[in-house]
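Spelled out from the first residue to the last, the chains are:
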Amino acid sequence: QITTVSGNEFLLQSDIDFLILDWFHAIKNAIDRLPKERSCTSRNLEFKLRRSSSIELLNSLDTESKEPKPEHRKSLIFRLNYSASDTNDRNRVKSRLKKFISRRPSLKTLQEKGLIKDQIFGSHLHLVCEHEKSTVPQFVRLCIKAVERRGLDVDGIYRVSGNLATIQKLRFVVNQEEKLNLDDSQWEDIHVVTGALKMFFRELPEPLFPYCFFEQFVEAIKIQDNATRIKSIRSLVKKLPRPNYDTMKILFEHLKKIAAKESVNLMSTQSLGIVFGPTLLRPEKETGNMAVHMLYQNQIVELMLSEYSKIFGSEED
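Residues numbered from 1 in each chain as written. Predicted model: local features only at pLDDT ≥ 70, side-chain atom pairs only at ≥ 80, totals over all residues. Heavy atoms only, no water.

## Points about the overall build of the protein
- Looking only at helices and strands, the protein features 16 helices and four strands.
- For the protein, the residues scored as buried account for 41% of the 317 residues in total.
- On the protein, roughly 17600 Å² of surface is accessible, and the fraction owed to carbon and sulfur atoms is 50%. (Helix = DSSP H or I, 4+ residues; strand = E, 2+ residues; numbered from the N terminus. Buried < 20%, exposed > 50% of the residue type's maximum accessible area, 1.4 Å probe, protein only. Areas by Shrake-Rupley, 256 points an atom, 1.4 Å probe, with all protein chains shown as cover.)

## Concerning the side chain of R234
- The residue R234 is located in helix α11 (residues 226–238) in this model.
- With relative accessibility at 12%, the residue R234 sits in the buried group.
- There is a polar contact of 2.7 Å between the side chain of R234 and the backbone oxygen of K310.
- At 2.9 Å, the side chain of R234 forms a polar contact with the backbone oxygen of G313. (Polar contact = N/O pair within 3.5 Å; in protein donor to acceptor, adjacent residues only side chain to side chain.)

## Considerations on the packing of aromatic side chains
- For the coordinates displayed, the defined rule picks out 11 aromatic pairs.
- Look at F209 and F252: their rings are 6.5 Å apart centre to centre, the planes differ by 70°, and that puts the pair in the edge-to-face class. With a gap of 43 residues between them, F209 in the loop between α9 (190–202) and α10 (214–221) and F252 in helix α12 (residues 242–260) connect regions that are remote in the sequence. In this pair, the class of F209 matches that of F252, namely buried.
- Joined through ring pairs, the aromatic side chains of F209, F213, F217, Y245, F252, Y308 and F312 make up one cluster. (Phe/Tyr/Trp six-rings, centres within 6.5 Å; stacked < 30°, edge-to-face > 60°.)

## Details of the confidence of the model for the protein
- Averaged over the protein, the pLDDT score is 80; the fraction of residues at 70 or greater is 73%.
- Contacts from residues 38–85, a stretch scored under 50 in pLDDT, to residues over four places away or in other chains number 99 contacts. (pLDDT = per-residue confidence, 0-100. Contact = heavy atoms within 4.5 Å.)

## Things to note about the pattern of salt bridges
- All told, the structure shown has nine salt bridges when counted by the stated rule.
- In this structure, the salt-bridge partner of K257 is E148, at a minimum N-O distance of 3.3 Å. Taken together, the residues span a long stretch of sequence, with K257 in helix α12 and E148 in helix α7 (residues 138–150) at a distance of 109 residues.
- Residue class for K257 comes out partly exposed when judged on its relative accessible area of 38%.
- One salt bridge in this structure joins R171 and E203, with 2.9 Å as the shortest N-O distance. Of this pair, R171 sits in helix α8 (residues 164–175) while E203 sits in the loop between α9 and α10; the two residues are 32 residues apart in sequence, bridging distant segments of the chain.
- Here the residues in one salt-bridge network are R149, R150 and D183, joined through shared partners. (Salt bridge = Lys/Arg side-chain N within 4 Å of Asp/Glu carboxyl O.)

## Remarks on the packing of α10 against helix α15 (residues 290–306)
- It is at 10 Å that the axes of α10 and α15 come closest, and there the two elements cross at 75°. For the element pair α10 / α15, the angle class is roughly perpendicular. Note on element contacts: α15 touches α10 through H293, Y296, Q297, Q299, I300 and L303, opposite F214, E215, F217, V218 and I221.
- Of the residues that constitute the contact of α10 with α15, the class distribution is seven nonpolar, three polar and one charged. (Axes fitted to C-alpha atoms, helices over the stretch in contact; angles between N-to-C directions. Parallel < 35°, antiparallel > 145°, perpendicular 65-115°, else oblique. Nonpolar A, V, L, I, M, F, W, Y, C, P; charged D, E, K, R; others polar.)

## Quick notes on the nonpolar core
- Counting 67 residues, the largest nonpolar core has Y158, F252 and M304 as its most contacted members.
- Excluding its chain neighbours within four sequence positions, the residues that come into contact with Y158 are V147, T194, L197, K198, H254, L255, I258, L272, V275 and F276. (Core = buried A, V, L, I, M, F, W, Y, C linked by side-chain atoms within 4.5 Å.)

## As for the environment of K198
- Assignment of secondary structure puts K198 in helix α9.
- On a C-alpha basis, the gap between K198 and T279 in space is 7.2 Å, while along the polypeptide they are 81 residues apart.

## So, α9
- With 13 residues, α9 extends 18 Å between its outermost C-alpha atoms, agreeing within 8% with the 18 Å of an ideal straight helix rising 1.5 Å per residue.
- Taking burial as the measure, the 13 residues of α9 include 13 buried ones, the bulk of the element.
- Capping the start of α9, D189 holds a side-chain oxygen 3.0 Å from the backbone nitrogen of H191, two or three residues further along. (Expected span 1.5 Å × (residues − 1).)

What follows is the structure in structure tokens.
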């Protein structure tokens, strides 16, 4: 969110981490090039990092010029305030926050007392499945059923973003283990449901395609011969842990139904690959050319959708 001197506000939003970071650097560099008398009032950069601890947030505010570490780039939201910062006030607030944080009980203590329950969003896939005694998270099944009931014909399904505040509200309800009814009027906008489902996969500590498989899938998609490429992808999919395989199978079967309605919803396998590639498949550490990685991520999802029956079907098929 950017607030200008005249009071105008602009919101830039994207699910693609490196694109957000590019925006941030472009805007910051533009501010740095302003004349001194103007740029001196433009240095108050506040980084808000979703899923980062309060201590990390304080550290990111410690100096205006400090850039977020690579491991903190997930879901980066930034705010540029065009007002002179009061250093003393900020230091006083930081001091109070640090004292408050130091007195907080540990997460383990809160969990033992039953004040904090194991959450669905942000937990490892296998832990969610173990808790539910299933191999596919119930939330994933509910979202898929809701979309297939009332979203297959919606223009831009999964591409169009739902209201972020409502998506966060849905996330809170799911994490509190409240009874979830996606047909309730508050979840009427199907883009809220699809946004929450994408957020669930985005917030997995390890993506649906486990880190140790990333390079193997990339090497497989580079194979020139199509039959060999499909066979290699199929072999890798069969090696996935059971929760990953079962969840992947039901998700891709669902996305295949979305693509089948392309003439109505305008979502082709290529479009779905662009949306879900970086969400489901990413390297553990960002090295090399991220744009090239993204191309392979998209191609892998697109191939698995177009060749779904060959990759997920039985040996007899």
